Structures are given as structure tokens and as C-alpha cells.
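# Fold and geometry: a report
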Amino acid sequence: MKANVTYWLDETAARLPDKTAFADEKKQVTFGQLRTQARAVAYELIERGYFKRPVVVFLEKGVDVLVSFMGAAYSCNFYSPIDVDMPGSRVNKILEVLDPAVVITTAELKGVFAQYAYQGEFLILEDALAGCDQEGTARDEKIEAARRKGIDTDLLYVLFTSGSTGVPKGVTINHRSVIDYTDWVTETFQITEQDSFGNQAPFYFDNSILDIYSTIKTGATTYIVPKNLFAQPVLLLEYLKEKKINTIFWVPSALIVVAKLKAFKNVDLSDTLRRVLFCGEVMPNKQLNVWRKFLPDVLYANLYGPTEITDACTYYIIDREFADEEPLPIGKAMPNTDILVLNDKNEPVAGEESGELCVRGTSLSMGYYNNPEKTREAFVQNPLNPCVPELIYRTGDIVKYNEYGELIYLSRKDFQIKHMGHRIELGEIETAVSSLEEISLCCCLYDERRQKIVLFIEGELEKAYINEKISHLVPEYMLPNKLITLEQMPINANGKIDRVKLKEHL
Ligand code: AMP
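Summarised in this report is the structure supplied together with it. (Residues numbered from 1 in each chain as written. Predicted model: local features only at pLDDT ≥ 70, side-chain atom pairs only at ≥ 80, totals over all residues. Heavy atoms only, no water.)

## Details of the side chain of S68
- Summarising the element assignment, S68 is placed in helix α3 (residues 63–74).
- Since its relative accessible area comes to 0%, S68 is described here as buried.
- Dropping the residues within four chain positions of it, S68 is found in contact with V57, L59, I104 and L125. (Helix = DSSP H or I, 4+ residues; strand = E, 2+ residues; numbered from the N terminus. Buried < 20%, exposed > 50% of the residue type's maximum accessible area, 1.4 Å probe, protein only. Contact = heavy atoms within 4.5 Å.)

## Some remarks on the site of the ligand
- Lining the immediate environment of the ligand, one finds 19 residues, of which N302, L303, T307, D397 and R423 sit closest.
- R412 is positioned such that a nitrogen or oxygen atom in its side chain is 3.4 Å from an oxygen atom of the ligand.
- Only β13 (299–304), β21 (407–412) and β22 (416–419) provide two or more residues apiece to the shell around the ligand.
- Looking at which element gives the most residues to the shell around the ligand, the answer is β13, with three residues.
- Grouping the constituent residues of the shell around the ligand by class yields eight nonpolar, five polar and six charged. (Near = heavy atom within 4 Å. Polar contact = N/O pair within 3.5 Å; in protein donor to acceptor, adjacent residues only side chain to side chain. Nonpolar A, V, L, I, M, F, W, Y, C, P; charged D, E, K, R; others polar.)

## Thoughts on a positive patch on the surface
- Taken together, the side chains of K260, K262, K265, K286 and K293 define a basic patch exposed on the protein surface.
- With respect to the element layout, K260 can be found in helix α11 (residues 252–260). (Patch = residues over 30% accessible without salt bridge, like charges linked within 9 Å, V, L, I, M, F, W, Y side chains within 5 Å. Areas by Shrake-Rupley, 256 points an atom, 1.4 Å probe, with all protein chains shown as cover. Salt bridge = Lys/Arg side-chain N within 4 Å of Asp/Glu carboxyl O. Lys, Arg positive; Asp, Glu negative; His and termini not counted. Charge placed at Lys NZ, Arg CZ, Asp CG, Glu CD.)

## Observations concerning the sheet that holds strand β1 (residues 20–23)
- Taken in spatial order, the nine strands of this open sheet run β2-β1-β10-β9-β11-β12-β13-β14-β15, and their pairing is mixed. Two strands close off the open sheet at either side, each with one partner strand: β2 (28–30) and β15 (332–333).
- As defined by bridge partners, strand β11 (residues 247–250) adjoins strand β12 (residues 275–279) across four bridges and the pair is classed as parallel. Across the sheet, I248 pairs through a bridge with V276, a residue of β12.
- Helix-sheet contacts for helix α2 (residues 31–47) involve β1 and β2, and the interaxial angle to β2 is about 95°.
- With respect to the sheet, helix α8 (residues 175–188) is in contact with β11, β13 and β14 (314–317), its orientation differing from that of β14 by roughly 5°. (Pairing = 2+ DSSP bridges. Axes fitted to C-alpha atoms, helices over the stretch in contact; angles between N-to-C directions.)

## Some remarks on the pairing of β11
- In β11, alternate side chains face the same way, and those of T247 and F249 on one face and I248 and W250 on the other are all buried.
- Both strand β9 (residues 196–199) and β11 contribute to a ladder of two bridges, which runs parallel. The residue bridging F197 from the neighbouring strand is T247, located in β11.
- Each parallel crossover has a hand, and for β11 linked through α11 to β12 it is right-handed. (Right-handed = clockwise from strand over helix to strand, strands pointing away.)

## Side note on α8
- The first and last C-alpha atoms of α8 sit 20 Å apart over 14 residues, in line with the 20 Å expected at 1.5 Å per residue.
- Within the sequence span of α8, burial applies to H175, S177, V178, I179, Y181, T182, W184, V185 and T186.
- Structurally, the start of α8 carries an N-cap: the backbone nitrogen of R176 is 3.1 Å from a side-chain oxygen of N174.
- Backbone geometry just after α8 places Q190 at a positive phi near 50°. (Expected span 1.5 Å × (residues − 1).)

## Things to note about the sheet that holds strand β24 (residues 442–447)
- Taken in spatial order, the three strands make up an open sheet running β24-β25-β26, and their pairing is mixed. Strands at the two margins of the open sheet, each flanked by one partner only, are β24 and β26 (482–486). Ignoring which end each strand starts from, the neighbouring axes of this sheet average 25° apart.
- Sheet topology places β24 next to strand β25 (residues 452–458); six bridges connect them, and they run antiparallel. Across the sheet, the residue bridging to C442 is I457, located in β25.

## With respect to the environment of L159
- Mapped onto the elements, L159 comes out in strand β7 (residues 155–161).
- A residue is classified by how much of its surface remains accessible, and L159, at 2% relative accessible area, is buried.
- Those residues in contact with L159, other than ones at most four positions away along the chain, are P81, K169, G170, V171, F203, Y204, F205, D206 and T307.

## Structural notes on the pairing of strand β17 (residues 355–361)
- Where burial is concerned, most of β17 is hidden: five out of the seven residues are buried.
- The sheet contact formed by strand β16 (residues 337–342) and β17 spans six bridges and is antiparallel. Its bridge partner being in β17, I339 is matched across the sheet by V359.
- With four bridges connecting them, β17 and strand β20 (residues 391–401) associate as antiparallel partners. Bridge assignment links V359 to a residue of β20, and that residue is Y393.

No statement about biological role is implied by the geometric values presented.
Below you can see the structure in the form of C-alpha cells.
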């Protein structure tokens, strides 16, 4: 029984000390080095007296982030990555929710952090790693003592997602959930030390959990794919070939770009790629069929799930042909996970009736950090079990079963969207726009067909002006792609903005 994910790292480092664990463009670490460096960070955190406290990791995406994550885990603290490109006001909101014990960063990036509302402590990574090879028995004993105090329901990380009121929600996940999920991933897809992942997911996005922990558990290697390659499909495929990457777990948006530009014509991956897994948004069969045509022997799997259930809770391993216009199933529940599809009366749906997908199981988040109100809305008592306390997570996703008993994703029941792989609450954009002095009324809709965020306002402002003004409030991927100005916003019988009428403008 494991109470902490770092026991995997101990085992793998003992078995394969010199094998590369993670590599980015500038640095790579073996399992032995990863363990030593992570424990140097852990020791520093323990020496400062932190236990079960939030540790912010503010670093460029790369190997050092993973060293810091593992350092937090070894010391029984929990990590929360903050993207170095995130707008300042959003960082401040996250810091307010999290109230971190310490921020792990570099001496250089510490200067950048100075612009945020944070008066707390820093841990400078290069200082913590200096001389870390001379780790002594005294250090080992302290780390072991700290780790033994922790249990598997202690938090491992907090990932922040878009929040409709403008305040990001911190999804908490414990060690046990990640252990459960990783066991499923590695057993189902038979991941071993022979495998190599090509990581696409940012580390603040839950898809990265699969790459990180499958690697640590099995001794596989993860290459962190340079971000700019995702805009250059031929170079991207060449990179996969050069690094002998045989497994990718990407958002559909990344796979779609490759399919659209038919990059396979230039690079033959048939001897390299074995598994193409994806999750995070709808994968259209039209583009998947291009992948399948060029790489017919690859295993393809559609994973589904929100951050709140540790990355994924259902899966479908593609086992038959699909026409371009058919929906791809999201499949069935993973083992040790139960899916309830509930109708408006909170009863299980019958036949092909649609309902909200709700999840029960070890993978469930423990709630939103420091946000009991939002936690109570989404994590509720299982209506089918009146006898003992048992939480389910209401995903807000509408699904139905098809004739094979497979789940089909239909739509959302709220204003959360997926745009280029990013989860966005339209309300967060509306809150940012409303904060502008010149705006009296605004509303955001998503044009699914053209994949555009459309902003409606009353009045006469330019899109460039609005986007410039809100760029310090929301990340770049949330900036509206289209602006529609109206003399008057349509209002429905309840006195609310009439979104149905606005949809006619799309
Ligand atoms: P995130 O928390 O960023 O992983 O986003 C979770 C949301 O993404 C889910 O609630 C769904 O709306 C959507 N999603 C995730 N995986 C899939 C999938 N395979 N097919 C369709 N939508 C998905």
C-alpha cells in the first residue's frame, strides 16, 4: 500500500537510476537525479517547518517544475503550479485563495513575482539544489519522518480552473486519487520502462498527470515537447520520430492541427507511434479518421473527464470504424469509478434519454480549495444513496447511452466551454469585460462551429481596445475572437440577457 506517490520514485530510482526520466529542451534528469534533487527541495521545505501546506511552483515549463512537484510531495506538502505567462490579476486571485506557505522559483523569476500581491517566503530552486549530491543520513531520516506522517488522503496538488465569477477554482487532488488513476493508466495501456511519452499538456492542466505519474511509476521517459512545435506539425512529427516517442496524450485541438495539415505525408511515424490517447474536449471523427488512415496500427483511446475527478473517469478504446459525422463515444467508466447519468428528477436515465454525468469514486477531488460554497454546489450527496454520506461530483456535462451501452457526450448544461483545449467559464470573461468603465452590459457566447468566443456589448467600442484592457485580467486564450456591438441588449421575460436571441447573431 502506498500513501505517497514518491514511493514510486524511490522504487524506480533504485531500479533504473541512470535512465532518463524527464527531458526538456535544456535539461534532462535521470530517475536517480530526479529523486536526489526532489529530496533536496523536500529537505528545505521540511527544515522550514512546512507540512501539508500549499507550495506554489512558479517556473518555466520544464524538468525543474517536476523536481519541485516531487519535492513538495516528499515533504508531504502539496504543489500548485502558476503559469509564468498568467495575467497578474489572475495570479493575485489564486494567491488569495491559496495563501501559499512558500513559492518555489528561480532568482530571476523571483523578480517577476515581485509584481504580485505576495509578502510570503520564497525557495530559490538553484540554492536548494546546490550541493544536493551530498545528501546525508540525517536528511534521509527527516524526509522519512515527514513522509510517514502523511496519509494517502492528504493533498498532492491543487490545479486552478476558470471560475464563472472571475475567481479561479482550485481543484484539490490527493495522493490516493493519483495512485488509483495511474494504476489504471499503466495497466490498461501496459506502460513500461520501454515507453516514451511526448508531453503536450501544460503542468497546470490535469492531462499532464498521466504523463508525469506513468513515467515515475514505470520508468518510462517523458519528453516535454517544445510548445512552438504544436504550430508546426511537420516539425512536431519529426520531433516525435527523432525522440522515438511512442505514446502521446494530447488535447484533440493538438491532434486536429496535425490532421488538418496532413503532416503525415511528410513524416512516417508507423514504426514509432504506438498509442494516441486524447482527452479534454470533443475529438471529431473527421480528423481522427485522418490519423487512423495514416497510422492504422496505433491504439487510439478517447478519455473523458474534468480536473475534479483526477483527469479522466471514462474511456473508449477505438475498436470500430466511424463515419466522419458520427460522434466518438466517451465509452464506459474506468474501474473503481462509477458513472451515474441523472435526469432532472435526479433519477438514473432510461434508454437513450439524456442526463447529467455524475461521478462517484476514489478519483473525486476533495473539493475546491478554500471555497466551501462552490464545493457544495458541485460535490453533492449521491441521491441514489440516502443511507450513508457519499459524495458524487456533478460534471455539468450532458450525456446519453448509445445502442452499445457506450456513453456519448452531448453538451454542457452551463456556460463552461472548451476553446482550443482550454476550459473556460464564459462568466469569467464577462466579469473581466464588465469591469471596464465604458461597459454597461455585456454577454459572451461560444460559436462552436467557427470555434470563436463572441462578445456582445451595448455601445461602440473596438475589440482591440477591449482585449487590451482585459489582457491583465484573463489569459490570452480567453480574449474574445469576435465583437458584436448592439444598441440594446435583448432581455427575456425574467429580465435576464436573452442568450437565445443573441445566438441568432452567430
Ligand atoms: P478539464 O477540467 O479542463 O479537464 O475540462 C473538463 C471538461 O472538458 C469536461 O467537463 C467536458 O466538458 C470536457 N471534456 C473532457 N474530455 C472530453 C471528451 N473526451 N469529450 C468531450 N468533452 C470532454
